[in-house]
Amino acid sequence: MSIAFPTPDPDILARRDAIIAGLKPLVAAEALVTSEDERRAFETDGLTAYRQMPLAVVLPSTTAEVSAVMAYCHRNGVRVVARGAGTSLAGGAIAQGDAIILGVAKMNRILDLDFANRTARVEAGITNLAISGAVSHEGFFYAPDPSSQLACTIAGNIAMNSGGAHCLKYGVTTNNLLGVTLVMNDGTVVALGGDHLDSPGYDLLGLICGSEGQLGIVTEATVRILRAAEGARPALVGFSSVEDAGACTAAIIAAGIIPVAIEYMDREAILITEDFAQAGYPRDAEAMLIIEVEGSDRECSDMLARIAEIAKAFNPTSLRISGSEAESAAIWKGRKSAFGATGRISDYICMDGTIPTGQLGPVLERIGAICAEKGLRVANVFHAGDGNLHPLILFDINKPGELQKAEAAGDEILKLCVEVGGCLTGEHGVGIEKRELMRFQYAKEDLEQQMRVRNVFDPGWLMNPAKVFPLEGRVAA
């Protein structure tokens with residue numbers, strides 16, 4: 001195992017039966033998972049190469065139950081790992097042997113819809129896509145759209161500050177989050193923000209969004225809902241080189257055009273996805289962009305004409321503009337299924353780093369070289385418009401040493417992102433995957449200051465303690 005976990009506290013392990021007995025009165029009988037077979041369903045998340053069996057799993061149905069569980073764990077020194085749907089690709093929701101999993105998946109109700117003020121108040125276990133489903137009949141939608149939106153919860157989106165293909169225009173979770181109900185590590189329930197655009201005082205809501213379950217448990221959220229555009233049309237543009245696709249992306253943004261999305265796929269990803277989705281992707285292209293604009297028919301036509309004119313300077317091998325809703329759906333089906341299509345043919349790890357868009361060409365070239373040097377294939381599928389890279393590094397888990405090679409390639413790629421002026425994560429978070437790389441992006445003093453902020457909320461390091469910060473050199477409260 002390449003990524004280390006802290007040694008479980010023997011005292012907690014010895015008291016497991018007593019801890020479970022103390023949890024039983026706090027939730028319904030079916031909401032406490034203790035058998036080994038049932039706990040195994042919670043031993044990993046989207047980073048499936050790593051697994052840890054939790055001490056127990058608690059699935060509360062209300063904020064009051066979450067508060068009671070957190071207060072009990074605080075009194076008894078029991079660690080807590082928060083979990084939404086377990087789709088984290090950075091290992092953010094992986095358990096540890098001396099910690100309970102606190103899952104919010106049962107808390108999945110719509111609490112209030114205010115179309116006049118364009119807000120929705122929801123429980124944190126609701127899935128991302130369910131919010132849009134609940135408001136679409138009035139012509140509204142919830143903008144952040146991670147590829148896992150059918151499964152991932154708003155709780156997890158808030159923990160990792162998730163984005164998605166359309167965040168180029170609409171922003172990521174923090175730009176669409178107005179308020180939360182937060183249960184602190186001692187069970188105290190607080191409300192941050194609300195159903196208004198801004199709040200007085202310190203931006204504590206901004207601190208919570210992206211904190212990876214280390215500052216509290218979000219049980220409710222108030223989010224922005226937006227009026228859906230009159231229409232949207234994507235275009236597919238194929239290129240003969242990776243560099244041309246990257247340069248075209250930078251040129252579109254530099255021209256002041258902000259499409260809803262600019263998605264990138266290289267040849268490897270195109271072929272893998274086309275074999276699965278048959279979306280009509282250009283098999284002869286070395287790289288491809290999906291560029292979507294929205295507005296009236298005339299607005300869409302005008303913007304796509306401008307984009308096509310810009311693309312001409314980069315010698316596109318193909319240019320196809322969607323002519324129907326069915327064609328648009330097929331184009332996006334291919335992109336949304338890219339990760340699953342890759343999983344059909346190979347094990348892979350999905351990296352997540354961010355770079356300036358002007359660096360796309362040279363960085364993509366270097367990513368290819370890094371993986372080739374280690375004898376590995378890579379398929380690049382990512383949000384080109386904001387420079388959020390998602391290289392899929394393919395490997396065979398059954399070959400000894402292959403996972404370690406893939407992880408080493410991933411580390412080099414993330415360091416490259418930082419070297420060119422970017423950062424270690426765009427939307428997947430740090431989790432365990434990038435924990436030790438935090439030293440590469442931040443100076444010792446920076447990390448210590450971040451840990452001091454964490455200590456204000458959780459001085460005992462009971463909340464998701466194995467994540468985000470390097471295991472060595474942690475600052476005690």
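The following paragraphs examine the structure supplied in this document. Since we're looking at a predicted model, the values are computed, not measured.

### Comments concerning the overall build of the protein
Thinking step 1. A tally of regular secondary structure across the protein gives 18 helices and 20 strands.
Thinking step 2. The C-alpha radius of gyration computed for the protein amounts to 22 Å, which stays within 12% of the reference 23 Å derived for 477 residues, consistent with globular compactness.
Thinking step 3. Taken over the C-alpha atoms alone, the protein extends approximately 70 × 55 × 45 Å along its principal axes.
Thinking step 4. Burial analysis of the protein (477 residues in total) assigns 56% to the buried set.
Thinking step 5. Counting contacts in the protein only where the partners sit at least 6 residues apart, residues at least 24 apart contribute 71% of the total.
Thinking step 6. Charge-centre separation for the protein: the mean point of 41 positive side chains lies 3 Å from the mean point of 59 negative side chains.

### Thoughts on the sheet that holds strand β3 (residues 79–83)
Thinking step 1. Read across the open sheet, the four strands follow the order β1-β2-β4-β3; overall the sheet is mixed. Both edges of this open sheet fall to β1 (32–33) and β3, since each of them pairs with a single strand only.
Thinking step 2. Pairing geometry for β3 and strand β4 (residues 99–103), over five bridges, is parallel. Opposite V80, over in β4, you have I100 as the bridge partner.
Thinking step 3. Relative to β4, helix α4 (residues 63–76) is tilted by about 170 degrees, and along the sheet it contacts β2 (56–58), β3 and β4.

### A short note on unusual backbone geometry
Both trends apply: most residues other than glycine have a negative phi, and most peptide bonds are in trans.
Thinking step 1. If you check the backbone angles, W461 has positive phi at about 50 degrees while not being a glycine.
Thinking step 2. Here W461 shows up in the segment after α18 (444–457).
Thinking step 3. The phi dihedral of N464 is positive, around 45 degrees, even though this residue is not glycine.
Thinking step 4. Relative to the helices and strands, N464 is located in the segment after α18.
Thinking step 5. Relative accessible area serves as the criterion here: at 2%, N464 is assigned to the buried category.

### A word on the packing of helix α15 (residues 360–373) against helix α16 (residues 402–419)
Thinking step 1. Interhelical geometry of α15 versus α16 gives an angle of 160 degrees and a closest axis separation of 10 Å. As judged from the angle between their axes, α15 and α16 are roughly antiparallel. Note that α15 runs across α16; the crossing there is right-handed. Across the interface between the two elements, V363, R366, I367, I370 and C371 from α15 touch A409, E412, I413 and L416 from α16.
Thinking step 2. Its residues placed into classes, the contact of α15 with α16 shows seven nonpolar, no polar and two charged.

### Considerations on the environment of A235
Thinking step 1. Position of A235 among the secondary structure elements: in strand β12 (residues 232–239).
Thinking step 2. Accessibility expressed as a relative area gives 3% for A235, which makes it buried.
Thinking step 3. On a C-alpha basis, the gap between A235 and T173 in space is 26 Å, while along the polypeptide they are 62 residues apart.
Thinking step 4. Those residues in contact with A235 that lie beyond four places of it in its chain are L289, I290, I291, L304, R320 and I321.

### Considering a negative patch on the surface
Thinking step 1. A contiguous patch of negative charge on the surface is contributed by E230, D297, E299 and D302.
Thinking step 2. Mapping E299 onto the fold places it in helix α12 (residues 297–312).
Thinking step 3. For E299, a relative accessible area of 44% translates into the label partly exposed.

### Describing the sheet that holds strand β8 (residues 177–183)
Thinking step 1. Spatially, five strands are ordered β5-β6-β10-β8-β9 in an open sheet, and the strand pairing comes out antiparallel. The open sheet has two edge strands, β5 (110–114) and β9 (189–193), and neither has a second partner. Along the sheet, successive strands turn relative to each other by an average axial angle of 10 degrees, direction set aside.
Thinking step 2. Two elements, strand β6 (residues 119–123) and strand β10 (residues 217–224), share five bridges in a ladder whose sense is antiparallel. Residue pairing in the sheet places V122 in a bridge with A221 of β10.

### Describing the pairing of strand β18 (residues 377–383)
Thinking step 1. Most of β18 sits inside the fold, with six of its seven residues counted as buried.
Thinking step 2. Looking at chain direction, strand β13 (residues 261–266) and β18 are connected through three bridges and run antiparallel. Across the sheet, residue Y264 finds its bridge partner in β18, namely F382.
Thinking step 3. As paired strands, β18 and strand β20 (residues 391–395) are joined by four bridges and run antiparallel to one another. If you follow A379 over to β20, its bridge partner there is L392.

### A short note on the nonpolar core
Thinking step 1. With 60 residues, the main nonpolar core has Y50, I252, Y264, L289, I367, L389 and I393 as its most contacted residues.
Thinking step 2. At eight residues, the largest contribution of residues to this core is made by α16.
Thinking step 3. Setting aside its immediate chain neighbours within four residues, L389 contacts M351, D352, G353, I355, L360, V363, I367, F382 and C417.
Thinking step 4. V78, A95, A120 and C209 belong to the second-largest nonpolar core, a separate cluster that totals 57 residues.

### Overview of a nonpolar patch on the surface
Thinking step 1. Together, Y202, L204, L207 and V453 make up an exposed nonpolar region whose accessible area comes to about 400 Å².
Thinking step 2. Note on placement: L204 falls in helix α9 (residues 204–208).
Thinking step 3. Taking the relative accessible area as the measure of exposure, L204 reaches 37% and is therefore partly exposed.

### Regarding helix α14 (residues 338–345)
Thinking step 1. Regarding α14, the residues found buried are A338, F339, A341 and T342. Seen from one end, α14 has its buried residues packed into an arc of 160 degrees, which puts them on one side.

The rules behind these values
- Residues numbered from 1 in each chain as written.
- Predicted model: local features only at pLDDT ≥ 70, side-chain atom pairs only at ≥ 80, totals over all residues.
- Heavy atoms only, no water.
- Helix = DSSP H or I, 4+ residues; strand = E, 2+ residues; numbered from the N terminus.
- Rg over C-alpha atoms; globule rule 2.2 N^0.38 Å.
- Buried < 20%, exposed > 50% of the residue type's maximum accessible area, 1.4 Å probe, protein only.
- Contact = heavy atoms within 4.5 Å.
- Lys, Arg positive; Asp, Glu negative; His and termini not counted.
- Charge placed at Lys NZ, Arg CZ, Asp CG, Glu CD.
- Pairing = 2+ DSSP bridges.
- Axes fitted to C-alpha atoms, helices over the stretch in contact; angles between N-to-C directions.
- Parallel < 35°, antiparallel > 145°, perpendicular 65-115°, else oblique.
- Left-handed = near helix turned anticlockwise from the far one by under 90°.
- Nonpolar A, V, L, I, M, F, W, Y, C, P; charged D, E, K, R; others polar.
- Patch = residues over 30% accessible without salt bridge, like charges linked within 9 Å, V, L, I, M, F, W, Y side chains within 5 Å.
- Areas by Shrake-Rupley, 256 points an atom, 1.4 Å probe, with all protein chains shown as cover.
- Salt bridge = Lys/Arg side-chain N within 4 Å of Asp/Glu carboxyl O.
- Core = buried A, V, L, I, M, F, W, Y, C linked by side-chain atoms within 4.5 Å.
- Arc of directions from axis to C-beta.

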